[in-house]
Amino acid sequence: PKKMPEEAVLFLRMMLLVRGLCSQLDAELPFLQLFEQHARRALVVRFPTVKRALRALPADQDERSQALSDKVGSHVAPLVREVMAQLVIERPGLGIQASVFVGDACVVDECGGVLGSTDPRPMLRSTRIPLADL
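Residues numbered from 1 in each chain as written. Predicted model: local features only at pLDDT ≥ 70, side-chain atom pairs only at ≥ 80, totals over all residues. Heavy atoms only, no water.

Strand pairing in a sheet relies on backbone hydrogen bonds. The paired strands run either parallel or antiparallel. Reading across from one edge, S1-S2-S3 is the order of the three strands in this open sheet, with antiparallel pairing throughout. Each edge of the sheet is formed by a strand with only one pairing partner; in this case those strands are strand S1 (95-102) and strand S3 (119-122). Sheet twist, expressed as the average angle between the axes of neighbouring strands with direction ignored, equals 20°. One ladder, built from eight bridges, connects S1 with strand S2 (residues 105-116); its direction is antiparallel. Opposite Phe-101, over in S2, you have Cys-106 as the bridge partner. Sitting on the sheet, helix H4 (residues 76-90) touches S1 and S2, and the angle it makes with S2 is about 15°. (Pairing = 2+ DSSP bridges. Helix = DSSP H or I, 4+ residues; strand = E, 2+ residues; numbered from the N terminus. Axes fitted to C-alpha atoms, helices over the stretch in contact; angles between N-to-C directions. Contact = heavy atoms within 4.5 Å.)

Detailed conclusions should not be drawn from predicted coordinates in areas where pLDDT is low. With 85% of its residues at a pLDDT of 70 or more, the protein chain shows a mean pLDDT of 80. Averaged pLDDT values over the elements of the protein chain bottom out at 56 in helix H3 (residues 63-69) and peak at 90 in helix H1 (residues 6-25). (pLDDT = per-residue confidence, 0-100.)

This next bit is on the nonpolar core. Grouped together as the largest cluster of nonpolar side chains are ten residues: Leu-57, Ala-77, Val-80, Met-84, Ala-85, Val-88, Ile-96, Ala-98, Val-107 and Val-108. The set of elements that each furnish at least two residues to this core consists of H4, S1 and S2. Among the elements that take part in this core, H4 stands out by supplying five residues, more than any other. Setting aside its immediate chain neighbours within four residues, Ile-96 contacts Met-84, Leu-87, Val-88, Glu-110, Cys-111, Gly-112 and Met-123. (Core = buried A, V, L, I, M, F, W, Y, C linked by side-chain atoms within 4.5 Å. Buried < 20%, exposed > 50% of the residue type's maximum accessible area, 1.4 Å probe, protein only.)

Further remarks concern the environment of Pro-120. Mapped onto the elements of the fold, Pro-120 is located in strand S3. Setting aside chain neighbours within four positions, we find Pro-120 in contact with Val-44, Phe-47, Lys-51, Arg-52, Ala-53 and Val-114.

Attention now goes to the side chain of Asp-109. Mapping Asp-109 onto the fold places it in strand S2. Reaching out from Asp-109, the side chain makes a polar contact with the side chain of Ser-99 at a distance of 3.2 Å. (Polar contact = N/O pair within 3.5 Å; in protein donor to acceptor, adjacent residues only side chain to side chain.)

Have a look at this one:
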């Protein structure tokens, strides 16, 4: 059997002591809300700074985006990018991929944001998003 880490024992003991004190004083203490911010920060720190998204949307369009925006729907791509940037800024932790097809032709293929609220890596066109989770 594996040994329980000393930190976990101290943490659980502290929680029990604080819960006992709160029940004696008839006070409420939202443990989950207190620890949520620290847990999120610990999860974000797992990823090195170089892998984190530094912008809401990718800095420059790649060759594929440039070729697509030169097609028929070139006026649509900037509008889609603008809306995506606004959504990503308003909702931290949001990642977006959007494609617009006119007939069989793809005229917009954009992405932005991050993989999740605890995963600061950037959303890429190659990022796979499971449809079952939507």
